[in-house]
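A look at the structure
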Amino acid sequence: MTAATQGGAGRAGAGGAGASRATRAATATAPVFDRLSRTTWIDVAVLVALSLIAVAGFEPAFGHYAFASAAVGGILVGGGVALLGRLLRLSWLLTAVIALAAYFLLGTPLALPGQALFGVLPSLDSLSGLVLGAVFGWSDAVTLQAPLEAPPYVAVVPYVAGWLVALVSVSLAVRWLPRRGPRRAPVGRAAVLLVGPALLLLAAILLGTRDPFFAGLRGVLFAGVALVWLAWRRGRFARDRVETDTAVRRSRLLGGAAVVLGAVLVGALAGAVLAPPAASRFVVRDEITPPFDPLDYPSPLAGFRKYTKDLQKTKLFTVTGLRQGQVVRLATMDSYDGIVWSVAAPGSDTDASGAFELLGSTIPRPPLFTPGAASTASIDVLGYSDVWLPTLGYTDRLTFDAHTGQDPTTTVRVNTATGTAAVTSGVRDGLSYTVGATAQKIPNDRALAKVPPAKLTLPPVTNVPDVVSAKAEEYAGSADTAIQKLRNIERSLKSLGYLSHGRASDPVPSRAGEGADRMTDLLSKSPMVGDQEQYASAFALMARRLGYPTRVVMGFAPKVTGSTTTVTGDDVTAWDEVAFDGVGWLPFFPTPTKTDAPKNQTTKPKLEPQPQVRQPPPADPRAEDLLTPVKTKDNDPKDKRSGFSIPVWAWVVLGVIGIPLLAYFVPLLLIAALKRRRRRRRETTGPPDRRAAGAWDELADGYAELGLAIPERSTRLQAASSLEEQSAAQSLPVPDGGLRDLARHVDAAVFDGTDVAEERVQTAWGATDRALSEATKAAGPLRARLAAFRYRRPRRA
């Protein structure tokens, strides 16, 4: 049996030596890098092209092609690592580890260049952003308004999408697809590779907006490239392929190309003409409610008297670039429940005050707006502390210059319809930012005479006292136009009322609050006494009673004294805004400026309502108790700091040095453990003849991990001859007597039928260890390191 086996092996070796000489020579000249066929390179090029077509769909969501470097870079990084792993014949596991390391090392300059050290090196912020973006960036991308610019880690979404799809698709193309050979690779295997680019195309659509980016052209081009590629592979690998003349092949190729080009052009034009309207386009962001809930914070207007009393002389913030007469906007409220005016709940109509979104530095204009004068101001926060961010007009640019604690770019929320901004991490001392704003253009009353109020759906007002309806009809009078009725109400409140913040220094007492009882007290008693909190609330309720969309705005109206204006609590104010169709939200200021009540006189206002007699205030002022209970809470998050913290530079050094070290040593140790487990099983498990055969298997695997080719379905003698030839061509030493002596020794132990002594087993293993040790030393450090990272799985007997 042994002689026959050896004779067959010799004949096979002799007959196959000449046929395989060229293959062995090619292997000998390129021991480190493997080669890919022309067909495989074409497969990779097609997959990369399809991925590039797919990622172009991210443009509507990110805008200004800001995503291009991240998306294209992710495809190149993922695809490049997949190719490198195949060329170096690395295992799947090692390729995945290298791809993960490349994701972090190259992700900073490609996706988060603004957080890089020296423009390219990873930092602690960029590394954490690459993790946060891969995990949470998808949810943020569908809850934020386009264009997506903040938080910074949202740019990781196209990067990680392109990286993952390219890594998996290219790996399958270079490893799995060619495995069955040219004549045995069905088209169905190639079609599986299209799943990744197709999912990338679908993700770009779902994360986009209602305005697609050349949807018809991209869709037809994607389908055309995929179909041509599949047809080419079918013709290339058909079993019954017939050789044809070169001219016939060229004619078929040109004809097919013309048909595909015509289909792409016709499909793109038809798609552009017959595309469904944007309103019917399904995108995920339209189905998601923004996470910020204004109802988690107390109503800004409820704390109005805190500014006029406790913070009257406190320097809240400074504004550089504020113009005379310009007001600072703090919060807009359009929901009333009989207790307080508040910002509406999230999920209400987009025109309401509760629709907050996380935006970038560029903020789109409101839907109902006529632009007026533009201005830019820098604001430095001092004694102010809240979540509502002071802004000017309708903000269109917002840049944070300095901050303490959490980065406000990740926690700022903006309502474009109301011009209100909130920072959930808190606005406090140390925050500096620059605001670019555009004011609402205000036409004169004559131009508004024929303009009706806008038809908007605002949150309802509830628990409104009956006196509001009566006074609304009385103060509006018999005016015919909306603007005149609103002006009548505004003048009535200003002329019939008195201003008082309820301070001890005010000559007229005043009670705080804007609840139903306070509105009844304001409108039923004479004279009317209150401040902006009460008059703005009363005007808004009366205007809403007449059917006009009205909201209350709280802010500051400081006196400009120079280039830099200091805002104190005494500058707090409130006013109303009413929406007019096609014009925008126009301001009304119903608060009177008179502070002293008249004594022993009757004042007749020059208005259509019946004259009313003002009475002096009572001798003993009422207590300043607030009848309407308003619950507030301290929203200033506590600064919780531990006693010990690692400095930032240490984190940076740890990230720059630690990640490459982990990427190198973790797979090295894992593969070494697998190799030890493989050797222990072969050397200690089974009968002696099986353990002797395991010595040869360990030798073959060791040479394969060094980059030598092991002939498939060959005997040990054939494999030994091939390994000796490759070793001689690559200047690798072999044991005395060659590897064929070891092959004969193992064959004798396996097939001679005698009991195998333990000494024969140890002799085989000793020869294997010496052969591999000498070959590894002669191969050089590069091949030795690559061999350490390769792992050849044991074959089943």
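Figured I'd write up the structure that's included with this text.

Calculation notes
Residues numbered from 1 in each chain as written. Predicted model: local features only at pLDDT ≥ 70, side-chain atom pairs only at ≥ 80, totals over all residues. Heavy atoms only, no water. Pairing = 2+ DSSP bridges. Helix = DSSP H or I, 4+ residues; strand = E, 2+ residues; numbered from the N terminus. Axes fitted to C-alpha atoms, helices over the stretch in contact; angles between N-to-C directions. Buried < 20%, exposed > 50% of the residue type's maximum accessible area, 1.4 Å probe, protein only. Salt bridge = Lys/Arg side-chain N within 4 Å of Asp/Glu carboxyl O.

**Some thoughts on the sheet that holds strand β15 (residues 564-568)**
- If you walk across this open sheet you meet the five strands as β8-β11-β5-β1-β15, and the pairing is antiparallel. Strands at the two margins of the open sheet, each flanked by one partner only, are β8 (394-402) and β15. When strand polarity is set aside, the average angle formed by the axes of neighbouring strands in this sheet is 25°.
- The pairing of β8 with strand β11 (residues 432-440) spans seven bridges and is antiparallel. Opposite Phe400, over in β11, you have Tyr433 as the bridge partner.

**Side note on the sheet that holds strand β10 (residues 420-427)**
- Taken together, the three strands give an open sheet; going across it, the order is β6-β10-β9, and neighbouring strands pair in antiparallel fashion. The open sheet has two edge strands, β6 (386-389) and β9 (412-415), and neither has a second partner. Each neighbouring strand pair of the sheet contributes to a mean axis angle of 25°, computed without reference to strand direction.
- Bridge analysis of β6 against β10 gives three bridges, and the strand direction is antiparallel. Bridge pairing links Leu389 to Ala421 in β10.

**Some words on the environment of Asp741**
- Topologically, Asp741 is positioned in helix α21 (residues 738-751).
- For the pair Asp741 and Ala720, spaced 21 residues apart in the sequence, the C-alpha separation amounts to 8.8 Å.

**What to know about unusual backbone geometry**
- With an omega of 0°, the peptide bond running from Ser526 to Pro527 counts as cis.
- Locating Pro527 in the fold gives a position in the loop between α16 (516-524) and β13 (528-530).
- Phi is positive for Arg89, close to 55°, though the residue is something other than glycine.
- One can find Arg89 in the loop between α5 (68-87) and α6 (92-111).
- You can call Arg89 partly exposed: its relative accessible area is 28%.
- With phi around 55°, Asn463 is a residue other than glycine that occupies positive phi space.
- We classify Asn463 as exposed; its relative accessible area is 55%.

**Let's talk about the environment of Ala345**
- The topology assignment puts Ala345 in the loop between β4 (341-342) and β5 (371-381).
- The exposure class of Ala345 is partly exposed, given its relative accessible area of 32%.
- For the pair Ala345 and Asp293, spaced 52 residues apart in sequence, the C-alpha to C-alpha distance is 6.4 Å.

**A word on the pattern of salt bridges**
- On inspection of all chains with the given rule, the structure shows 25 salt bridges.
- With a closest N to O distance of 2.6 Å, Asp701 and Arg682 form a salt bridge. Placement of the pair is Asp701 in helix α19 (residues 688-705) and Arg682 in helix α18 (residues 648-684), with a sequence separation of 19 residues.
- One connected set of salt bridges, linked through shared partners, spans Lys675, Arg678, Arg682, Glu698, Asp701 and Glu705.

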